[in-house]
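# Analysis of the macromolecular model
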Amino acid sequence: MKKYLLLILTLLPLQLEAKQPNVLLIIADDLNSDIGAFGSDFVKTPQINKLAANGVVFESAYAQASSCAPSRSSFLTGLYPHQNGVTMNAPHFRDFVPSAVSLPQLFRNNGYYTARVGKVFHYNVPPHIGTDGHDDPKAWDEVRNPKGIDARLNDKVNAVSANKVGATLTWLSVDNSAGEHTDSMLTTDALEILGKAHQTDKPFFLSVGYFRPHAPYIAPKEYFDLYPLDTIKPYMMPPDDRNDIPKAAWADRKGQLDLTELQRKEIIQGYYASISFMDAQVGRLLDGLKAYGLDQNTIVIFLSDHGYHLGAHDLWQKGDLFEGALLTPLIVAEPGRKGNGSNSQSLIELIDIYPTIAKLAGLETAAYVQGKNFSLLLDQPNNVHRDSAYSTMPSRSWHYYPELKHRQITGHTVRTERYRYTEWGYKGNYGAELYDYQEDPQEITNLLHSGAYKTVLIIMQRLLEKRRKEAETPVIEWVSQ
């Protein structure tokens, strides 16, 4: 009897260690890197900072497109935009690659309980709040679509133009309980799901998609009060900044080229208020994870779908191929990793998230998945994962080229540790750009015609051609299955 008892006690720790980890994927909407974990001493994000202290902060993570649907479809399918067909916000990846296995679907297929709360796949914000949006029904066992007071205040927002509320700069401070806002409601829903999950032995994949800080920047007044207008110093573009930038690179929107200094301050205040409000909800979520005793067996991934401009090159929002629109916050926290509490400067593509999360959970991915697993960086954050990061985006500035009759000019860009090279149109026939971030972190000088950078230009041109061809290689053998 003692022999059998000893055997049971010996095997028990192995059984506990073998339990598959849970996954909590937290996605912010339109969040740039102006947060504490990425070096900001102005924007208040104490909860995200706590997560960063328990995980690895990836300071050089880049989206494969600076628009919601193309970026999300890319990192949730493990395919580049031109491979899954989603290069703009309207299409759905299943229209082009119907047999693709999305990231949450992979976990569902492998016995996980999968749940979504809020915006994970693409939503038109704010019209789709409270609906399924452009969801992937194959991915989930359970979905929640709360709709708060913020989604019913679109006619009261401050706006710089008459464009659609979510597509232009809009903001509103609200005197009401934070619990009435969509992001607070979806956190409550997510906590209910965690409450059920901790009562079972089945592992879960829970994705919580926050709507803030996507425009309209609607948040409780207490979060606006964190950023008095007299403390905000807007970035002002140098007068000649655009002189050497191709018109195809601009992503101008109605009313945004003539903003007053006060408008700039109010916009930034609203954006940062929305970040801090979203941060508070992340804190509630992580506190709940710990309260239910799930924190020690749950991998937490926090990211945004892309970056966001607040005046660089006189650009606001997103939809271009400059650094500010592509650089994306990314934190991965897996309990027990040697690198926890560290920062990694290694280049990451968001498309790498798919195979990395799968690897951490011990799941096999299909051969067509294009990302590269970076899980080794969780123990060795100083290692090099990639030598370049590739992104693509159709130009929003077709109106500068009347001869095109509304046809899109597609841009392609590649970022290395030091340089970025971008081409618009075929081999740059609508312009190209070369920036040296060691000497020029704000991308003021386009070095395309600089003799001193001739060799660098040739190297970057060849690299971009190589990466573009890889990212556009069709993956057709499984599409029609």
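Residues numbered from 1 in each chain as written. Predicted model: local features only at pLDDT ≥ 70, side-chain atom pairs only at ≥ 80, totals over all residues. Heavy atoms only, no water.

## Topic: the sheet that holds strand S5 (residues 142–144)
In plain terms, the rule: Pairing between strands requires that DSSP locate at least two bridges from one strand to the other. The numbering of helices and of strands both runs from the N terminus, where a helix is a DSSP run of H or I of at least 4 residues and a strand a run of E of at least 2. Angles here are taken between N-to-C directions and fall from 0 to 180 degrees, while the axes themselves are lines fitted to C-alpha atoms, restricted in helices to the stretch in contact. Contacts: residue pairs with any heavy atoms within 4.5 Å of one another.
One open sheet accounts for 8 strands, arranged S5-S4-S8-S1-S10-S13-S2-S14; its pairing is mixed. Only two strands of the sheet have a single neighbouring strand rather than two, namely S5 and strand S14 (342–344). Averaged over neighbouring strand pairs, the angle between their axes works out to 15° when direction is ignored. Pairing geometry for strand S4 (residues 113–118) and S5, over 3 bridges, is parallel. Looking at the pairing, Val117 lines up with Arg144 of S5. Contacts between helix H6 (residues 182–197) and the sheet are confined to S4, S5 and strand S8 (204–209), with S8 contributing the most and set at about 175° to the helix.

## Focus on the packing of helix H2 (residues 46–53) against helix H8 (residues 261–291)
Definition in use: Here the word oblique covers every angle except those under 35 degrees (roughly parallel), over 145 (roughly antiparallel) and from 65 to 115 (roughly perpendicular). Nonpolar residues are Ala, Val, Leu, Ile, Met, Phe, Trp, Tyr, Cys and Pro. Charged residues are Asp, Glu, Lys and Arg, and all others, Gly as well, are polar.
Packing of H2 against H8 leaves a shortest axis separation of 7 Å and a crossing angle of 50°. The pairing of H2 with H8 is recorded here as oblique in orientation. Together, Pro46, Gln47, Ile48 and Leu51 of H2 and Met278, Asp279, Ala280, Val282, Gly283 and Leu286 of H8 make up the contact between the two elements. When its residues are assigned to classes, the contact of H2 with H8 shows 7 nonpolar, 2 polar and 1 charged.

## Let's talk about the packing of H6 against H8
In contact at an axis separation of 10 Å, H6 and H8 are set at 10° when each is read in the N-to-C sense. On the basis of the axis angle, H6 is roughly parallel to H8. Listed contacts from H8 to Asp183, Ser184, Thr187, Thr188, Ala190, Leu191 and Leu194 of H6 are Phe277, Met278, Gln281, Arg284, Leu285, Gly288 and Leu289.

## Digging into the packing of aromatic side chains
Rules: Whether two aromatic rings pair depends on their centres lying within 6.5 Å, for rings of Phe, Tyr and Trp, where Trp uses its six-membered ring; planes under 30 degrees apart make the pair stacked, over 60 edge-to-face, and the rest tilted. Partly exposed residues are those whose accessible area sits between 20% and 50% of the maximum for their type, while under 20% is buried and over 50% is exposed, using a 1.4 Å probe and protein chains only. Only Lys NZ and Arg CZ are tested; either one counts as a charge over a ring when it is within 6 Å of the ring centre and within 35 degrees of the ring normal.
In the structure shown here, the tally under the stated rule is 19 aromatic pairs. With a centroid separation of 6.5 Å and 40° between ring planes, the pair formed by Trp140 and Phe205 is classed as tilted. You can see Trp140 sitting in the loop between S4 and S5 and its partner Phe205 sitting in strand S8, a full 65 residues away along the chain. A relative accessible area of 5% means that Trp140 is categorised as buried. Residue classification places Phe205 among the buried positions, given a relative accessible area of 1%. When the ring centre of Phe42 is taken as reference, the NZ or CZ atom of Lys44 above it lies at 5.5 Å.

## Some remarks on the environment of Phe93
If you trace the backbone, Phe93 turns up in the loop between helix H4 (81–84) and helix H5 (103–109). Using a relative accessible area of 1% as the deciding quantity, one classes Phe93 as buried. Sequence separation of Phe93 and Leu79 is 14 residues, and the distance between their C-alpha atoms is 9.9 Å. Sequence-distant contacts of Phe93, that is, excluding residues within four places in its chain, are made with Ser73, Thr77, Asn84, Val86, Pro98, Ala100, Ser102, Phe121 and Asp136.

## Considering the pairing of strand S10 (residues 298–304)
Among the 7 residues that make up S10, 7 are buried, leaving the element largely enclosed by the rest of the structure. Residues Thr298, Val300, Phe302 and Ser304 point to one face of S10 and Ile299, Ile301 and Leu303 to the other, with burial holding for every one of them. Inspection of the sheet shows strand S1 (residues 22–28) paired to S10 by 7 bridges, in the parallel sense. Counterpart to Ile26 in the pairing with S10 is Phe302.

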